[in-house]
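Architecture and fold: a report
So the chains spell out like this:
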Amino acid sequence: MDKRVLLAKPRGYCAGVDRAVVTVEKALEQYGAPVYVRKEIVHNKHVVETLSRRGAIFVDETDEVPEGALVVFSAHGVSPAVHEEAADRGLRTIDATCPLVTKVHNEAKRFAREDYDILLIGHEGHEEVEGTYGEAPSHIQLVDTAEDVDKVVVRDPSKVVWLSQTTLSVDETMVRVRQLQERFPDLQEPPSDDICYATSNRQTAVKTMAPECDLVLVVGSKNSSNSVRLVEVALQAGAKASYLVDYAREVDEAWLDGVSTVGVTSGASVPDILVMELLEFLAERGYGNVEEITTANEKIAFALPRELRKDMVR
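Just so you know, these numbers come straight off a predicted model, no measurement behind them.

Some thoughts on the nonpolar core
The biggest cluster of nonpolar side chains holds 26 residues, and the ones touching the most others in it are V24, I41, V42 and V72. Per-element accounting of this core gives the leading share, seven residues, to helix α1 (residues 15–31). Apart from the residues within four sequence positions on either side, I41 is in contact with A20, V21, V24, V47, L51, F58, V72, F73, S74, A75, H76 and A96. Counting 23 residues, the second largest nonpolar core, distinct from the first, contains L215, L274, V275 and L278.

Some details on the packing of aromatic side chains
Counted by the stated rule, this structure contains two aromatic pairs. Here F111 and Y116 contribute two aromatic rings whose centre-to-centre distance is 5.2 Å and whose plane-to-plane angle is 75 degrees, an arrangement assigned as edge-to-face. Judged on exposure class, the residue F111 and its partner Y116 are both buried. An angle of 5 degrees between the planes, with centres 3.8 Å apart, marks the rings of Y243 and W255 as stacked. Taken together, the residues span a long stretch of sequence, with Y243 in strand β10 (residues 242–245) and W255 in the loop between β10 and β11 (261–266) at a distance of twelve residues. With a relative accessible area of 31%, Y243 lands in the partly exposed category. Between R110 and the ring centre of F111, over which it is positioned, the NZ or CZ distance is 4.7 Å. Across the ring face of Y247, the terminal group of R249 is positioned such that the distance to the ring centre comes to 4.2 Å.

Digging into the UniProt feature "active site" (unreviewed entry) in the chain
Under the present numbering, the feature "active site" (unreviewed entry) in UniProt falls on E128. Looking at where E128 falls in the secondary structure, it is placed in helix α5 (residues 127–133). Residues in contact with E128, not counting those within four places in the same chain, are H76, V101, S164, Q165, T166 and T167.

Notes on the sheet that holds strand β12 (residues 290–294)
Pairing in this open sheet of five strands is parallel, and the strands run β10-β9-β11-β1-β12 from one edge to the other. The open sheet has two free edges, formed respectively by β10 and β12, since each of these has just one partner strand. Taking each pair of neighbouring strands and ignoring which way they run, the sheet shows an average axis angle of 25 degrees. As paired strands, strand β9 (residues 215–219) and β10 are joined by four bridges and run parallel to one another. When the bridges of β10 are listed, V216 appears paired with S242. Its contacts with the sheet put helix α9 (residues 225–236) on β9, β10 and β11, and the angle it makes with β10 is roughly 165 degrees.

Side note on the side chain of S221
Here S221 lies in the loop between β9 and α9. Residue classification places S221 among the buried positions, given a relative accessible area of 3%. A polar contact of 3.0 Å, which involves the side chain of S221, links it to the backbone nitrogen of K45. Among the polar contacts made by the side chain of S221, one reaches the side chain of D246 at a distance of 2.6 Å. With near-sequence residues (within four places) excluded, S221 lies in contact with H43, N44, K45, S227, V228, L244 and D246.

Overview of the pairing of strand β7 (residues 140–143)
In the sheet, strand β6 (residues 117–121) pairs with β7 via four bridges, with the strands oriented parallel. Note on β7: the bridge partner recorded for I118 is I140. Chirality of the crossover, the property in question, places the unit of β6, α5 and β7 among those that are right-handed.

Concerning the pattern of salt bridges
Opposite charge on two side chains allows them to pair when their charged atoms are near. Under the criterion given, the structure shown has 21 salt bridges. Residue K103 pairs with E107 through a salt bridge whose shortest N-O separation is 3.1 Å. On the criterion of helical spacing, the pair formed by K103 and E107 is a turn pair, its members being four residues apart in helix α4 (residues 99–113). Ionic pairing is found between R110 and E114, a salt bridge with its closest N-O pair at 3.4 Å. Within the structure, one salt-bridge network assembled from shared partners comprises R4, E212 and E291.

Quick notes on the rules
- Residues numbered from 1 in each chain as written.
- Predicted model: local features only at pLDDT ≥ 70, side-chain atom pairs only at ≥ 80, totals over all residues.
- Heavy atoms only, no water.
- Core = buried A, V, L, I, M, F, W, Y, C linked by side-chain atoms within 4.5 Å.
- Buried < 20%, exposed > 50% of the residue type's maximum accessible area, 1.4 Å probe, protein only.
- Helix = DSSP H or I, 4+ residues; strand = E, 2+ residues; numbered from the N terminus.
- Contact = heavy atoms within 4.5 Å.
- Phe/Tyr/Trp six-rings, centres within 6.5 Å; stacked < 30°, edge-to-face > 60°.
- Lys NZ or Arg CZ within 6 Å of the ring centre and 35° of its normal.
- UniProt positions renumbered as here; feature names shortened; annotations may be inferred.
- Pairing = 2+ DSSP bridges.
- Axes fitted to C-alpha atoms, helices over the stretch in contact; angles between N-to-C directions.
- Polar contact = N/O pair within 3.5 Å; in protein donor to acceptor, adjacent residues only side chain to side chain.
- Right-handed = clockwise from strand over helix to strand, strands pointing away.
- Salt bridge = Lys/Arg side-chain N within 4 Å of Asp/Glu carboxyl O.

The following block contains the structure:
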């Protein structure tokens, strides 16, 4: 049996995650430890553990940060209430919200100002959804499941718009949009696609290689929405099996029984070192032949938050 690995490209870090992680690293260099971070800076166990060792302290809520201390807001974004709370406590803040999430926040504010009913497609309880919802709670209704579509109540069916969480499955989101359009034929679309380029690019790469794979391994954490979606996309696109692992050591040897082609990819918050460790693990088991499947080349980069830039040595 010929054993091989198909390695998806693009995979791993997107520009928003890279910016957020570097923000915490630079803040530690610039201001010294501790630097507080509200929630996980990005949804990845390895990244959070690495930054913790360097002096980052992760908290769930702003009121856990000592008055006057420095707090970084995660890539997923926060609601205006969180900004207010931080200001009330005299905290110094650095906002590492991904610019693509900020774009969705701005859309929510604009449509709320124009008095639209906003239908936000996303996963209940996800930090990004909570942040966007907080921009205009009186105008936004969350649509997570097909059942939620039936529950939506709008004031004027001609003034309804949908927005979405940036890390969803493109296909699933469009299923939800079509269901909403059946109820509200005048439903408006966001001014530009809300699902982030990195999420859709990673899904496209997986869709391309999945039909050839007996097994697709996705490196990522269980609370990472876009990583979880990659497993679903792989299975829908024809992979015989697919699993999510944080580390190579979590791979069950039984998964490799009778497997000739393994697909490998990683979520947008995963450093490539973890993928390299998985490739080494597979090579030791005879999967040394690695072919990269490239469906896009990403060249996007985001500037660091201005609060940090102004203090950094020129």
